[in-house]
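Architecture at a glance
Spelled out, the chains give:
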Amino acid sequence: EAQSFLKKEGMSAEAKILRGYPVRELCKFAETEKSDLIAIGSRGLNPIKRQFLGSVSDSVIRHAPCSVLLFRPYKNRSIYDRKAEQKLDIVIGYDDSLSAKEACAFVKKLNFKAIQRIDLLAALQLNFYYGMSYTLTALEYWPKQKASIEESLLAMKQSFDKLEDAPEVNFEVISE
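Description of the structure in this document. (Residues numbered from 1 in each chain as written. Predicted model: local features only at pLDDT ≥ 70, side-chain atom pairs only at ≥ 80, totals over all residues. Heavy atoms only, no water.)

**A word on the sheet that holds strand 3 (residues 88-93)**
Applied cut-off: Two strands are said to pair when DSSP picks up at least two bridges between them. The helix count covers DSSP runs of H or I at least four residues long, the strand count covers runs of E at least two residues long, and both are numbered beginning at the N terminus. For helices, the fitted line uses only the C-alpha atoms of the stretch in contact; every axis is such a line through C-alpha atoms, and the angle between N-to-C directions lies from 0 to 180 degrees. Two residues form a contact once any of their heavy atoms are found within 4.5 Å.
With respect to topology, 3 strands assemble into an open sheet ordered 3-4-5, the strand pairing being parallel. Of all the strands in the sheet, just strand 3 and strand 5 (168-175) have a single pairing partner and so form its edges. Neighbouring strand axes in the sheet, compared pairwise and without regard to direction, differ in orientation by 20° on average. Judged from the 8 bridges that link them, strand 4 (residues 115-124) and strand 5 form a sheet pairing that is parallel. Its bridge partner being in strand 5, L124 is matched across the sheet by S175. Helix 5 (residues 98-108) contacts strand 3 and strand 4 of the sheet and is inclined by roughly 160° relative to strand 3.

**A short note on the packing of aromatic side chains**
How we decide: Here is the rule: rings of Phe, Tyr and Trp (six-membered ring for Trp) pair when centre to centre is within 6.5 Å. Planes less than 30 degrees apart are stacked, more than 60 are edge-to-face, and the remainder are tilted. Counting as a charge over the ring demands two things of the Lys NZ or Arg CZ atom: a distance within 6 Å of the ring centre and an angle within 35 degrees of the ring normal.
Counted under the stated rule, the structure contains 0 aromatic pairs. The ring of F160 carries K108 above its face, with NZ or CZ at 5.2 Å from the centroid.

**Remarks on the pattern of salt bridges**
Put simply, the rule is: A carboxyl oxygen of Asp or Glu within 4 Å of a side-chain nitrogen of Lys or Arg is what we treat as a salt bridge. The classification of residues rests on relative accessible area computed with a 1.4 Å probe and restricted to protein chains. Under 20% of the type maximum is buried, over 50% is exposed, and intermediate values are partly exposed.
Taken as a whole, this structure holds 6 salt bridges when the rule is applied. Of the charged contacts, one joins K28 and E25 as a salt bridge, the two residues approaching to 3.8 Å between their closest N and O atoms. In this pair, K28 and E25 both sit in helix 2 (residues 22-32), 3 residues apart, roughly one turn of the helix. Relative accessible area serves as the criterion here: at 45%, K28 is assigned to the partly exposed category. Measuring nitrogen to oxygen at the nearest pair gives 2.7 Å for the salt bridge that ties K157 to D161. Of this pair, K157 and D161 both sit in helix 6 (residues 134-161), 4 residues apart, which is roughly one turn of that helix. Several salt bridges share partner residues, and in doing so they unite D89, R117 and D119 into one network.

**Examining the nonpolar core**
Under the convention used in this document: Take the buried residues of types Ala, Val, Leu, Ile, Met, Phe, Trp, Tyr and Cys, join any two whose side-chain atoms come within 4.5 Å, and each joined set is a nonpolar core.
If you look at the biggest cluster of nonpolar residues, it comprises 19 residues, and the most contacted ones within it are I92, C104, I118, L120, L153 and F160. Mapped by element, the contributors of at least two residues to this core are strand 3, helix 5, strand 4, helix 6 and strand 5. If sequence neighbours within four positions are ignored, I118 has contacts with I90, I92, V107, F112, F160, P167, E168, V169 and N170.

**Observations concerning the side chain of S59**
Along the chain, S59 falls in helix 4 (residues 56-63). Beyond its immediate chain neighbours, meaning those up to four positions away, S59 contacts Y21 and V23.

**A closer look at helix 4**
To keep it simple, the criterion reads: The reported arc concerns the directions from the helix axis to the C-beta atoms and nothing else.
What helix 4 keeps buried is the set S57, S59 and V60. Looking straight down helix 4, one finds that the buried residues subtend no more than 160° of arc, so they occupy a single side. Buried residues in helix 4 make contact with helix 2, strand 1 (37-41) and strand 2 (67-71).

**Things to note about a nonpolar patch on the surface**
The following threshold applies: Only residues whose relative accessible area exceeds 30% and that form no salt bridge enter a patch; like-charged residues are grouped when within 9 Å of one another, and nonpolar side chains (Val, Leu, Ile, Met, Phe, Trp, Tyr) when within 5 Å. Only the protein chains shown count as cover for residues, and all accessible areas are computed by the Shrake-Rupley method using a 1.4 Å probe.
A contiguous nonpolar surface patch, about 370 Å² in accessible area, is contributed by L37, L69, F71, F106 and L110. On the basis of relative accessible area, L37 is assigned to the partly exposed category, the value being 32%.

Spelled out as structure tokens, the structure:
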């Protein structure tokens, strides 16, 4: 079914059935094939069921040799069921790290016609930032770090804005 769906969308797809512990097999396959991304769904187990049954998606996120894109079930909302004219809203958690920049690079490769809005969001915790005491953080390091993140977010927003057909891109630094 997944292979047929992807082929209808104009993509080449090959279906494989792996036997064994799902986490180990998915991660081993991704490593062997030098995959760039694992896209996986979450069944939305509650914490008790997840504790007893285990969560394949949680374990794949922790053990994958590459990036993981996790799709969760939402009430009355599914990317799979959306009509062609319905566009996506994307949030990118941004902290100026290499992995945050990789997330932005990935989103830049998407078809912008399917995206309504991108929110770049940096959440900084004031009271215990990178293991420093509140006083040191607040008085010395914090203002510089916040200004640096704001500058980096603005530069990333501008890089999105330069792209053809770019959707609305917002950015915000949230701090406690």
